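Coordinate inspection notes
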Amino acid sequence: MKSVPHATSLRRAPVQRRSAERLTRILDACAALLDEVGYDALSTRAVATRAGVPIGSVYRFFGNKRQMADALAQRNLERYTEQVTGRLDGARPGDWRAAMDAVLDEYLSMKRTAPGFSLVDFGNQIPVGVRQAEPNTRVADRLTDLLSGHLGRTPDEELRRVFLVAVESADTLVQLAFRVDPQGDEAIIRETRELLRAYLGRVLD
């Protein structure tokens, strides 16, 4: 079964498998509609119709569409973490360049293929077009905890600061790449990769 958001993002956490599957259908419908109609035209009723559930089922989990979009963003982060973890399992321990490639490649993959991701990604685009610092900090903290063991480093304040700067820098450049080309401008992505290698190499080599 697909992952669902942590209970703190929901009005009521799913307990039974059937309830969790219904929540998954609701979030899948929300993601599809975000791509089709955008955030402003999104409605809880439209999501319920697309998901094939009563409107009350949507309100069981979410009070409004903002909470639904936030839950979708949180699910995106969980899935992203799972994908990066899978890549790291096949990488040589301590190889930070392979780890960095996994982090960037999986993010680019979600940008290109995950429904609704272009609008909500990990939570920093609602209201649409407004990029806030908090989600990037959450992503950086998650990556620090995930990568520190793989790299044999202590997840101390310095490492968290380094990964936060890397995440903020990569986020800005990836947004630029996807403004230039809807599939991500490859030249800008190459420059982003080189910039991250140069920056992280000062600390991780």
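Residues numbered from 1 in each chain as written. Predicted model: local features only at pLDDT ≥ 70, side-chain atom pairs only at ≥ 80, totals over all residues. Heavy atoms only, no water.

Quick look at the overall build of the protein
Helix and strand counts for the protein stand at nine helices and zero strands. Listing every helix and strand of the protein by position from the N terminus yields α-α-α-α-α-α-α-α-α. Relative to its 205 residues, the protein shows a buried fraction of 46%. The long-range share in the protein, meaning contacts at least 24 apart out of those at least 6 apart in sequence, stands at 65%. Summed over its atoms, the accessible surface of the protein is roughly 10,300 Å², and 50% of this surface lies on carbon and sulfur atoms. (Helix = DSSP H or I, 4+ residues; strand = E, 2+ residues; numbered from the N terminus. Buried < 20%, exposed > 50% of the residue type's maximum accessible area, 1.4 Å probe, protein only. Contact = heavy atoms within 4.5 Å. Areas by Shrake-Rupley, 256 points an atom, 1.4 Å probe, with all protein chains shown as cover.)

Here's the deal with the pattern of salt bridges
The full count for this structure, using the stated rule, is 16 salt bridges. Among the salt bridges present, the one from Asp28 reaches Arg75, with a minimum N-O distance of 2.8 Å. Taken together, the residues span a long stretch of sequence, with Asp28 in helix 1 (residues 17-37) and Arg75 in helix 4 (residues 65-89) at a distance of 47 residues. Assessed through its relative accessible area of 2%, Arg75 is described here as buried. A salt bridge links Arg197 to Asp101, with the nearest nitrogen and oxygen atoms 3.0 Å apart. Placement of the pair is Arg197 in helix 9 (residues 186-204) and Asp101 in helix 5 (residues 96-113), with a sequence separation of 96 residues. (Salt bridge = Lys/Arg side-chain N within 4 Å of Asp/Glu carboxyl O.)

Some points on the packing of helix 4 against helix 5
Helix 5 packs onto helix 4 with a crossing angle of 140° between their chain directions and a minimal axis gap of 9 Å. By the angle between their directions, the pair helix 4 and helix 5 is classed as oblique. The handedness of the crossing between helix 4 and helix 5 is right-handed. Between helix 4 and helix 5, the residues in contact are Asn76, Tyr80, Gln83, Val84, Arg87 and Leu88 and Ala99, Asp101, Ala102, Val103, Asp105, Glu106, Tyr107 and Met110, respectively. A class-by-class count of the residues in the contact of helix 4 with helix 5 yields eight nonpolar, two polar and four charged. (Axes fitted to C-alpha atoms, helices over the stretch in contact; angles between N-to-C directions. Parallel < 35°, antiparallel > 145°, perpendicular 65-115°, else oblique. Left-handed = near helix turned anticlockwise from the far one by under 90°. Nonpolar A, V, L, I, M, F, W, Y, C, P; charged D, E, K, R; others polar.)

A few points about empty space enclosed by the protein
With the rule as written, the count across this model stands at one cavity of 30 Å³ or more. Considering only enclosed or pocket space, the largest cavity measures out at about 300 Å³ in volume. As for the largest cavity, its lining consists of 24 residues, and the residues nearest its centre are Tyr80, Val103, Leu143, Val167 and Ala170. Mapped by element, the contributors of at least two residues to the lining of the largest cavity are helix 5, helix 7 (133-151), helix 8 (157-180) and helix 9. At six residues, the largest contribution of residues to the lining of the largest cavity is made by helix 5. Residues that form the lining of the largest cavity fall into these classes: 19 nonpolar, two polar and three charged. (1 Å grid on protein atoms, 1.4 Å probe; cavity = no way out; pocket = protein on both sides within 12 Å on 5 of 7 lines; lining within 4 Å. Points joined across faces, edges and corners; volume = space filled by probe spheres on them.)

Notes on unusual backbone geometry
Phi angles above zero are rare outside glycine, and Asp121 is one such case at about 25°. Here Asp121 shows up in the loop between helix 6 (117-120) and helix 7.

Observations concerning the nonpolar core
If you look at the biggest cluster of nonpolar residues, it comprises 36 residues, and the most contacted ones within it are Tyr80, Phe122, Leu143, Leu147, Leu200 and Leu204. Elements supplying a minimum of two residues to this core: helix 4, helix 5, helix 7, helix 8 and helix 9. Sorting elements by how many residues they give to this core places helix 8 first, with nine residues. Apart from the residues within four sequence positions on either side, Tyr80 is in contact with Val103, Glu106, Tyr107, Met110, Phe122 and Leu143. Residues Tyr39, Leu42, Val47 and Ala51 belong to the second largest nonpolar core, which totals 23 residues. (Core = buried A, V, L, I, M, F, W, Y, C linked by side-chain atoms within 4.5 Å.)

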